[in-house]
Amino acid sequence: MARSQVISPQTMQAVRNSGAVAQSEYLLEVKDVRKEFPGVVALDNVELRLRRGTVHALMGENGAGKSTLMKILAGIYTPDSGIFRLRGQEIRLKNPLDALENGIAMIHQELNLMAPMTVSENIWIGREPSGRFGLIDHAEMNRRTEALFERLGIEIDPEIRVGKLSVANRQMVEIAKAVSFDSDVLIMDEPTSALTDKEVSHLFRIIRSLKADGKGIIYITHKMNELFEIADEVSVFRDGKYIATHNSVDVTRDDIIRMMVGREITQMFPKEAATIGDIVLSVRDLTLNGIFKDVSFDLRAGEVLGFAGLVGSGRSNVAETIFGVTPANAGTIELFGKQVVVSSPSVAMRHGMAFLTEDRKETGCFLLLDIQENAQMAVLQQRYVRFGFVQQEKLRKEADEMANRLRVRTPDMAEPIINLSGGNQQKVLICRWLMTNPRILILDEPTRGIDVGAKAEIHRLISQLAGQGVAIIMISSEMPEVLGMSDRVVVLHEGRVTGILDRAEADQVKIMELASR
Amino acid sequence: MSEATNELGNTSKTGLKKVRRIPPELSILLVLIGIALIFEVMGWYVVGDSFLANKQRLSIIVLQVAVTGIIAVGVTQVIITGGVDLSSGSMVGFIAMVVASFAQTSLNARAVFLQPEYAQFGLSWFIDSSPLWPILVGILLGAFLGYLNGLVIAKTGIPPFIATLGMMVSARGLAKWYTEGQPVALLNENFTWLGQSFNLWGFPVPRTVIVFFIVAIICHVALSYTRYGKFTYAIGANPQAARVSGIDIGKHLIKVYAVAGLLSGLAGVMLAARAQSGQPNMGISFELDAIAAAVIGGASLTGGVGRITGTVIGTIILGVVTSGFTFLKVGAYYQEIVKGAIIVAAVVIDVYRQRKKSRA
């Protein structure tokens, strides 16, 4: 850190631009990168070339090696071999600080800000401007933050505590921090996964202005439409191998999917017709003070009921209340014709409900435990326990069968779940709930952040379950998923149901109208 | 890391090479053996005697930590839930006092229950009575105080550190209040029998050690093979996910703290039997030794990780270190100084090892 204070960012930039350093066609050029983890080749001689002033999208299924390569570029992992050229000069990155000083900054998928500290303090931590007596000059620090924000078109109070900011605003702070290092290469790992459409367009504005400044941006995403909107070039990885790089205007969505999975995926959302049965869940005037009000709907056996709405519309909160995570303040819940006070998740489970939560890491996985333990945790409430003792053999068999059915990719159920990719973790969590034989299944963003292949598998499974008479509530931010999978769609806006659409009448425009009026 | 290890194959039946897992206790066991061997070598070198080839010493090594060990088995379970129990040492002190008063003989004219303020409730009936009463009272009182710990933590949501700190201070106060600071002595021989040793193939085996091992085995089985154990790990690993999985966290925490309290009670019983008395300053800083044993044994204070086998080995390490230094005639003050360093070093080694594993 000391070194970057001696040479100011401006000087470094001037040196870079002066041509004293050999200019090359590429800002960053990476070749023959290899990285092995015990038992697996994560990267098998991959390459990547980033031009100045462009956004380079990096796509691939979970486990393709994208994040591993990015962590190498950010100095978090050391590669086994490989050539790295930054501005034409060969470099070796030993640690994250090294990467930052070389002008490579990564904006992590999991944000790395300190919630109790202010925005300014977060951005300039370790580089605080000092005033008299070597004390920190807060006024100067805030001025710098303001200047930075103005350049980026961000409107956030520099003195507010980060903990009070929305996820989107924290993301902006992270980006500003990365820019404050005057980095030439910015790595963004799924930056929009928690942002609303409005926030995404703001982010894209910032990205465009960074492009205009001549920065190179590596952009990891799973979302096709973003790719075509923001990226200039796209590289595809598969199973740790480099597949190809194209200009994004030269390829179609299907081309990319084909490159990513190495096979054709004909139908992404294969909801098959299922016989719709009796009402199993009837919600009337459900209210959670300050979050949502007077929510009413019915759910029938064999039906997939989509929940649409913008982030913050209360979709997930309604699901949490129905499952007893946050019991309601008013309103009634009727299950299979009987009114039930769902005061806790265990009550909900006793009535045949299951709830796959939105946030795999926070409320889903037990990251310290193995796959088997993760899969069996819910069913232990109901079965496979005799005199307090767990019938481990039976459980192992059932979990194994379920894992095979969902195609969880692992050599061993005793593997820690943290070693699985997001998609496979999600499948294990679905295993957890299917083992309880639910009659009502609530899925909150069941395919968020998982790759195309796994997504199709999960869609097929939802369809299959509905066919068996399971009633399903599916919350999703992805419009095609909602439209493709749902028999009916409940649309929420600011904590109220603004409409319930039948499959036949539901389309993107109608939903957006109801969701944003 | 997560990106890296998933594409191992297509299904779990692909016959892929399974990674052989070394039980985490093995490294702790190696540390124990290493420390013992160092003392053995130093023993020959410094005092010209064998450290290990001495029946008396081997039984003392475990005896002096058996009481701490019983507590450590309880606190390990609390630590696995992500909590901590600071009250065990004071509870041992208070319970030893109460237990001793239930085990006094009529030979002692100043026996607690012969004093009018207790005798008026008919408590003098317990003088010269069966040793089952003090044992039962000790265990139940411990379970009750632990239950209170759990209740406060579950109902108010205050950090376990604070709740059990409060209990630690209060229980010590109770221990002193009970007899106004006087020791409770002259106990029933049927009761103190519990604290004696018996002879097994020429080895003097203290009964306290047997109790310690039985408790450890029961709790090991409970943690590994029962729903109680699965839920304990789940709550420590991710409380929110545990709640969504239908686990009643409050109810379960109360159980775990009650179990820890029960074991503190049992430790108080064993200590009173062995010391043939109850003294208000018994058990001071036992809670810290117990936590140290658990942590040396691999339990993580952030929750979700820990095993009874590790804790037992951790407890024995503490015993070996104490006996070893005494054997080498190192002064008591130096012993404490070095003991602190060893606790930190053991955990540092473990953290380093874990980090290396996850970076590999």
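None of the values given here were measured: they were computed from a predicted structure. (Residues numbered from 1 in each chain as written. Chains lettered and ligands numbered in written order. Predicted model: local features only at pLDDT ≥ 70, side-chain atom pairs only at ≥ 80, totals over all residues. Heavy atoms only, no water.)

Caption draft 1: Local environment of the overall build of chain A. The secondary structure content of chain A amounts to 19 helices and 22 strands. Scaling as 2.2 N^0.38, a compact globule of 517 residues should have a C-alpha radius of gyration of about 24 Å, and chain A matches this with 25 Å. Each principal axis of the C-alpha atoms in chain A carries an extent, and together these give about 75 × 50 × 50 Å. In chain A, which comprises 517 residues, the share counted as buried stands at 56%. In chain A, once contacts between residues fewer than 6 apart in sequence are set aside, the share between residues at least 24 apart is 66%. Per element, the accessible surface of chain A, about 21600 Å² overall, is 48% carbon and sulfur. (Helix = DSSP H or I, 4+ residues; strand = E, 2+ residues; numbered from the N terminus. Rg over C-alpha atoms; globule rule 2.2 N^0.38 Å. Buried < 20%, exposed > 50% of the residue type's maximum accessible area, 1.4 Å probe, protein only. Contact = heavy atoms within 4.5 Å. Areas by Shrake-Rupley, 256 points an atom, 1.4 Å probe, with all protein chains shown as cover.)

Caption draft 2: A look at the sheet that holds strand 11 (residues 279–288) of chain A. Residue and element names in this part refer to chain A. Here 4 strands make up an open sheet; going across it, the order is 12-11-14-15 and the pairing antiparallel. Where the open sheet ends on each side, the last strands, each with one partner, are strand 12 (292–300) and strand 15 (338–339). In the packing of helix 11 (residues 315–322) onto the sheet, the strands contacted are strand 11, strand 12 and strand 14 (330–335), and the crossing angle to strand 12 comes to about 70 degrees. (Pairing = 2+ DSSP bridges. Axes fitted to C-alpha atoms, helices over the stretch in contact; angles between N-to-C directions.)

Caption draft 3: Focus on the domain arrangement of chain A. Split by domain assignment, chain A resolves into domain 1 (111–182) and domain 2 (368–437). Summarising the inter-unit geometry, the C-alpha centres of domain 1 of chain A and domain 2 of chain A are found 43 Å apart. (Domains from an automatic or database assignment.)

Caption draft 4: Helix 15 (residues 392–405) of chain A, seen in detail. If you check helix 15 of chain A, its first and last C-alpha atoms are 20 Å apart, about what 14 residues at 1.5 Å a residue would give, namely 20 Å. Those residues of helix 15 of chain A that fall on the buried side of the exposure criterion are Gln392(A), Leu395(A), Glu398(A), Ala399(A), Met402(A) and Ala403(A). Mapping the buried residues of helix 15 of chain A onto a view down its axis gives an arc of 135 degrees, with all of them on the same face. The outward face of helix 15 of chain A, more than 90 degrees from its buried face, is lined by the exposed residues Glu393(A), Lys397(A) and Glu401(A). As for helix 15 of chain A, its buried residues are in contact with helix 14 (371–376), strand 18 (389–390) and helix 16 (422–434) of chain A together with helix 9 (227–237) of chain B. A positive phi of about 55 degrees marks Arg407(A), the residue just after helix 15 of chain A. (Expected span 1.5 Å × (residues − 1). Arc of directions from axis to C-beta.)

Caption draft 5: Structural context of the environment of Ile230(A). Residue and element names in this part refer to chain A. Its place among the elements puts Ile230 in helix 9 (residues 224–230). When the C-alpha atoms of Ile230 and Gly499 are compared, they prove to be 33 Å apart, with 269 residues separating the residues in sequence. Leave out the neighbours within four places in its chain, and Ile230 touches Val55, Phe204, Ile207, Arg208, Lys211 and Tyr219.

Caption draft 6: Seen up close, the pattern of salt bridges. Residues and elements named next belong to chain A. Evaluation of the coordinates by the stated rule reveals 26 salt bridges over all chains. Residue Glu29 pairs with Arg85 through a salt bridge whose shortest N-O separation is 3.6 Å. With Glu29 in strand 1 (residues 28–37) and Arg85 in strand 4 (residues 81–86), this residue pair connects regions lying 56 residues apart in the sequence. Overall, the relative accessible area of 16% leaves Glu29 in the buried class. A salt bridge links Arg144 to Glu140; the nearest nitrogen and oxygen atoms lie 3.0 Å apart. With Arg144 and Glu140 both in helix 6 (residues 138–152) and 4 residues apart, this pair spans about one turn of that helix. Judged by its relative accessible area of 33%, Arg144 is partly exposed. Taking the relative accessible area as the measure of exposure, Glu140 reaches 23% and is therefore partly exposed. (Salt bridge = Lys/Arg side-chain N within 4 Å of Asp/Glu carboxyl O.)

Caption draft 7: Representation of the UniProt feature "transmembrane region" (unreviewed entry) in chain B in the model. Residues and elements named next belong to chain B. Under the feature "transmembrane region" (unreviewed entry), the UniProt entry names residues 26–46, 58–80, 92–113, 133–154, 161–178, 198–223, 256–276 and 308–327. Secondary structure across residues 92–113 comprises 50% helix and 0% strand; the distance between its end C-alpha atoms is 20 Å. Across residues 308–327 one finds 100% helix and 0% strand; the C-alpha atoms that close the span lie 28 Å apart. (UniProt positions renumbered as here; feature names shortened; annotations may be inferred.)

Caption draft 8: Structural context of the nonpolar core. Counting residues in hydrophobic clusters, the biggest one holds 178 residues, and the most contacted among them are Leu281(A), Phe297(A), Ile322(A) and Ile472(A). The dominant element in this core, judged by the number of residues it contributes, is helix 2 (residues 55–80) of chain B, at 14 residues. Non-local contacts of Phe297(A), meaning those with residues more than four positions away in its chain, are made with Leu281(A), Ser282(A), Val283(A), Arg284(A), Leu305(A), Phe307(A), Val318(A), Ile322(A), Ile473(A), Val490(A) and Ile500(A). If you look at the next biggest cluster of nonpolar residues, it comprises 49 residues, including Ala105(A), Ile123(A), Met188(A) and Ile257(A). (Core = buried A, V, L, I, M, F, W, Y, C linked by side-chain atoms within 4.5 Å.)

Caption draft 9: Layout of the packing of helix 3 (residues 88–102) of chain B against helix 11 (residues 249–275) of chain B. All names here are of chain B. Where helix 3 meets helix 11, the axes come as close as 8 Å, and the angle between the chain directions of the two elements is 50 degrees. Classified by the angle their axes make, helix 3 and helix 11 are oblique. Taken as a pair, helix 3 and helix 11 cross one another with a handedness that is right-handed. Where helix 3 abuts helix 11, its residues Ser88, Met91, Val92, Ile95, Ala96 and Val99 lie against Gly261, Ser264, Gly265, Ala267, Gly268, Val269, Leu271 and Ala272. Along the lines of polarity and charge, the residues of the contact of helix 3 with helix 11 split into 9 nonpolar, 5 polar and no charged. (Parallel < 35°, antiparallel > 145°, perpendicular 65-115°, else oblique. Left-handed = near helix turned anticlockwise from the far one by under 90°. Nonpolar A, V, L, I, M, F, W, Y, C, P; charged D, E, K, R; others polar.)

Caption draft 10: Spatial organisation of helix 8 (residues 197–212) of chain A. Residue and element names in this part refer to chain A. Helix length check: helix 8, at 16 residues, gives a terminal C-alpha distance of 23 Å against a target of 22 Å (1.5 Å per residue), a fit within 8%. If you check which residues of helix 8 are buried, you get Val200, His202, Leu203, Phe204, Ile206, Ile207 and Leu210. Close packing links the buried residues of helix 8 with strand 3 (55–59), helix 6, helix 7 (167–180), strand 7 (185–189), strand 8 (216–220) and helix 9.

Caption draft 11: Structural detail: the packing of helix 9 of chain B against helix 11 of chain B. Residue and element names in this part refer to chain B. Remark: helix 9 packs on helix 11, axes separated minimally by 11 Å, with the N-to-C direction vectors making an angle of 110 degrees. When the interaxial angle is binned, helix 9 and helix 11 end up roughly perpendicular. Here Tyr228, Phe231, Thr232 and Ile235 of helix 9 lie close against helix 11, whose contacting residues are Ile249, His252, Leu253, Lys255, Val256 and Val259. When grouped by side-chain class, the residues that make up the contact of helix 9 with helix 11 number 7 nonpolar, 2 polar and 1 charged.

Caption draft 12: Spatial organisation of the packing of aromatic side chains. Taken as a whole and judged by the stated rule, the model has 15 aromatic pairs over all chains. Taken together, a centroid distance of 4.6 Å and an interplanar angle of 70 degrees make the contact between Phe102(B) and Phe126(B) edge-to-face. Residue Phe102(B) is found in helix 3, and its partner Phe126(B) is found in the loop between helix 4 (116–119) and helix 5 (132–156); the two are separated by 24 residues along the sequence. Like Phe102(B), the residue Phe126(B) is buried in the burial classification. An angle of 25 degrees between the planes, with centres 5.3 Å apart, marks the rings of Phe212(B) and Phe213(B) as stacked. An aromatic cluster of three or more residues is present, and its members are Phe39(B), Phe51(B), Phe325(B) and Phe327(B). In this structure, Arg144(A) is placed above the aromatic ring of Trp124(A), and the distance from its NZ or CZ to the ring centre is 5.9 Å. (Phe/Tyr/Trp six-rings, centres within 6.5 Å; stacked < 30°, edge-to-face > 60°. Lys NZ or Arg CZ within 6 Å of the ring centre and 35° of its normal.)

Caption draft 13: Just a nonpolar patch on the surface, in detail. Residue and element names in this part refer to chain B. Among the surface-exposed residues, Leu26, Leu29, Leu30, Ile33, Leu37, Leu52, Leu58, Leu200, Trp201 and Phe203 lie close enough to one another that they form a single nonpolar patch of about 930 Å² accessible area. Of the residues forming the nonpolar patch, the biggest block, 5 residues, is contributed by helix 1 (residues 25–46). Its location among the elements puts Ile33 in helix 1. Ile33 gets classed as partly exposed once you look at its relative accessible area, which sits at 43%. (Patch = residues over 30% accessible without salt bridge, like charges linked within 9 Å, V, L, I, M, F, W, Y side chains within 5 Å.)

Caption draft 14: Representation of the pairing of strand 7 of chain A. Residue and element names in this part refer to chain A. The element strand 7 is largely enclosed, with a buried count of 5 among its 5 residues. By the bridge criterion, 4 bridges tie strand 6 (residues 104–107) to strand 7 in an arrangement that is parallel. Bridge pairing in strand 7 links Ile104 to Val185. In terms of strand pairing, strand 7 meets strand 8 through 5 bridges, oriented parallel. Its bridge partner being in strand 8, Asp189 is matched across the sheet by Ile220.

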